[in-house]
Amino acid sequence: MNDLSLQELLCLNAVVEEGSFQAAADRLHRTHPTVFNAIKNLESRLGLRLLDRSGYRVSLTTEGKSFHLKARQVLDNVAALQKHAQFLAAGEETELRVVIGDLCHLPDMLARLKRFFDDCPATRLHLQFETLTGPVERLMDGEADLILHHIDEADARMEFIRLGKVKLVPVVAPGFLRFAIHGAITPEQMRDYVQCILRDTATHTQHREYHLIPGAHSWTVSDQFMKKELILQGMGWGNMPYHLVQDELADGRLLSIRGRYFKESQLRLVAARRSDVMHGPVAGRLWEYLQS
C-alpha cells in the first residue's frame, strides 16, 4: 500500500466509468497497455481482483466495488484540493455571482451587499434576479455562487444561513370583488376571479405551484413589482410579500382577504451555497459577513 499511486486510482475509475480499457485509455490520453498494466499492478500489490474481465464490458468484482467506492472519495478529495490550490494561486475572485430571489426585501439586501462589496473593489458583483425555483436551479447548475431565497432546508446539497422570515398575505384592490370581504371567503368564490401568479424562471426544474386555485383564471407576471401593480389596478388578486404591500394595506389601497381558507403564510429567507464545492476567499468572507 505504500506505493499506491494516484494514477492507478485514476485508471481504475476511468475503466469503471467507461466500461473498457481502450475507452479509459482514450479518456486519459494514455495507451491501452499503460492503463491495463496500471490496474494489473494495483491488483497485484493489493492482493485483490478488482475487475471482472470475463464479460463484454469490464465490471467490478464484489471487492472491487467496495475498493472503488473509497477510491472515488479519494479522487474527489484530490480534485477539491486542486481546486483550492487554484483559488490560493489566483488570489481573490475577480467576479462573484449572487442571485436574489423574488421574496427578498431589496432595499435591505442591496444595502447589505453594498456594505460588503465596498471593501472588495477588485471583485465584480454579478447580480441576478430569479423567481420561485429559479434561484436554486441557478445554484445547482453552477451559475451562481450564492443565492438569497427560500430553499428546501433538508436538501444536503446546500448549506445555508437563516436570514429571517417573509410573511405572505392574500390581497385585492377595493371594489375588485363583487361581494363584501369576510373571514370565510372560499376558493370556490374566488375561482372566477383572475389570480396573479409569478412566472418561474427555472428552465428544467419541476415547477411548484404556490397558493394557486385549481381551475382559476390566472395571469402570469415576471416579478413581484409587476404583480403588485396589476393587483392595485384591479386586474387580479394574489399573495404578496407583506413588506411590499404594508403601506397600501395601511392606507386602504389594498385589502387583505385572509381568513379561514386564505391564510397568511411565512417562508424562511436564507443565504445558500453549494456544500460540495470549494469557495474562494471573497465568497468565504461574504458568507461570514452574512452570518454575523
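Structure first, text after, so check above.
Note that the structure is a prediction, hence the values are computed from the model and not measured. (Residues numbered from 1 in each chain as written. Predicted model: local features only at pLDDT ≥ 70, side-chain atom pairs only at ≥ 80, totals over all residues. Heavy atoms only, no water.)

**Q** Before we go on, may I ask you to explain the overall build of the protein chain in this structure?
**A** Helices and strands together make up the secondary structure of the protein chain, namely ten helices and eleven strands. Against the globule reference of 19 Å for 292 residues, the protein chain gives a C-alpha radius of gyration of 27 Å, more extended than a compact globule. The C-alpha extent of the protein chain, read off along each of the three principal axes, is 85 × 50 × 25 Å. Sequence-distant contacts in the protein chain: of pairs separated by 6 or more residues, those separated by 24 or more amount to 70%. With an accessible surface of roughly 16000 Å², the protein chain has 51% of that area assigned to carbon and sulfur atoms. Across the protein chain, 35 positive and 37 negative side-chain charges occur, with their mean positions spaced 3 Å apart. (Helix = DSSP H or I, 4+ residues; strand = E, 2+ residues; numbered from the N terminus. Rg over C-alpha atoms; globule rule 2.2 N^0.38 Å. Contact = heavy atoms within 4.5 Å. Areas by Shrake-Rupley, 256 points an atom, 1.4 Å probe, with all protein chains shown as cover. Lys, Arg positive; Asp, Glu negative; His and termini not counted. Charge placed at Lys NZ, Arg CZ, Asp CG, Glu CD.)

**Q** Whenever I open this one, empty space enclosed by the protein confuses me. Can you help?
**A** Summary: where empty space remains is shown by rolling a probe the size of a single water molecule over the atoms. For the structure on display, the rule yields two cavities of 30 Å³ or more. Within this model, the largest cavity holds a volume of roughly 40 Å³. Lining the largest cavity are Leu-96, Asp-145, Leu-146, Arg-273, Ala-283, Leu-286 and Trp-287. It is helix α10 (residues 281–291) that provides the largest number of residues to the lining of the largest cavity, a total of three residues. Of the residues assigned to the lining of the largest cavity, the class counts are five nonpolar, no polar and two charged. Of the voids in this model, the second largest cavity is the one considered here, and its volume is about 40 Å³. Looking at the second largest cavity, the residues that line it are Gly-101, Asp-102, Cys-104, Leu-106, Phe-129, Gln-224, Phe-225 and Leu-244. (1 Å grid on protein atoms, 1.4 Å probe; cavity = no way out; pocket = protein on both sides within 12 Å on 5 of 7 lines; lining within 4 Å. Points joined across faces, edges and corners; volume = space filled by probe spheres on them. Nonpolar A, V, L, I, M, F, W, Y, C, P; charged D, E, K, R; others polar.)

**Q** In this structure, what is going on with the side chain of Thr-133? I would like to understand it.
**A** Tracing the sequence through the fold places Thr-133 in the loop between β4 (124–130) and α6 (134–140). Under the relative-accessibility criterion, Thr-133 is labelled buried at 11%. Within the structure, the side chain of Thr-133 is placed 2.6 Å from the side chain of Asp-200, a separation counted as a polar contact. Residues in contact with Thr-133, not counting those within four places in the same chain, are Asp-200, Ala-202, Gln-206, His-207 and Arg-208. (Buried < 20%, exposed > 50% of the residue type's maximum accessible area, 1.4 Å probe, protein only. Polar contact = N/O pair within 3.5 Å; in protein donor to acceptor, adjacent residues only side chain to side chain.)

**Q** Can you walk me through the packing of aromatic side chains in this structure?
**A** Centre distance and the angle of the planes are the two values used to describe a pair of aromatic rings. This structure, assessed with the given rule, holds six aromatic pairs. Relative to Tyr-193, the ring of Phe-176 has its centre 5.4 Å away and its plane inclined at 50°; by these criteria the two rings are tilted. Taken together, the positions of Phe-176 in the loop between β6 (158–172) and α7 (187–190) and Tyr-193 in the loop between α7 and β7 (195–198) put the pair 17 residues apart, joining distant regions of the chain. When its relative accessible area of 5% is taken as the criterion, Tyr-193 is described as buried. (Phe/Tyr/Trp six-rings, centres within 6.5 Å; stacked < 30°, edge-to-face > 60°.)

**Q** Looking at this structure, I do not really get the environment of Lys-228. What am I missing?
**A** The topology assignment puts Lys-228 in helix α8 (residues 224–232). Considered as a pair, Lys-228 and Ser-5 are 223 residues apart in the sequence and their alpha carbons are 61 Å apart. Apart from the residues lying within four places of it in its own chain, the contact partners of Lys-228 are Met-240, Leu-244, Val-245 and Glu-248. Within the structure, Lys-228 has its side chain in polar contact with the backbone oxygen of Leu-244 (distance 2.8 Å).

**Q** How should helix α3 (residues 32–46) be read in this particular structure?
**A** Residues spaced three or four apart along an α-helix point in a common direction, a consequence of the helix completing one turn every 3.6 residues. Look at α3: 21 Å from first C-alpha to last across 15 residues, which is about the 21 Å you get at 1.5 Å a residue. All of the buried residues along α3 are Val-35, Ala-38, Ile-39, Leu-42, Glu-43 and Leu-46. Buried residues in α3, looked at end-on, bunch into an arc of 130°, giving them a common side. Exposed and oriented more than 90 degrees from the buried face of α3 are Lys-40 and Ser-44. (Expected span 1.5 Å × (residues − 1). Arc of directions from axis to C-beta.)

**Q** Sorry if this is basic, but what is going on with the pairing of β4 here?
**A** Looking along a regular strand, one sees side chains alternate from face to face of the sheet. Summarising the sheet, strand β3 (residues 95–101) and β4 pair through seven bridges and their orientation is parallel. When the sheet's bridge partners are listed, Ile-100 is paired in β4 with Phe-129. Regarding the hand of the β-α-β motif, the stretch spanning β3, helix α5 (residues 106–117) and β4 is right-handed. (Pairing = 2+ DSSP bridges. Right-handed = clockwise from strand over helix to strand, strands pointing away.)

**Q** What is the right way to read the pattern of salt bridges from this model?
**A** Any two side chains of opposite charge can pair, on the condition that their charged atoms come close. Inspection of every chain in the model, using the stated rule, returns 24 salt bridges. With a closest N to O distance of 2.1 Å, Glu-188 and Arg-191 form a salt bridge. The exposed category is assigned to Glu-188, whose relative accessible area is 54%. (Salt bridge = Lys/Arg side-chain N within 4 Å of Asp/Glu carboxyl O.)

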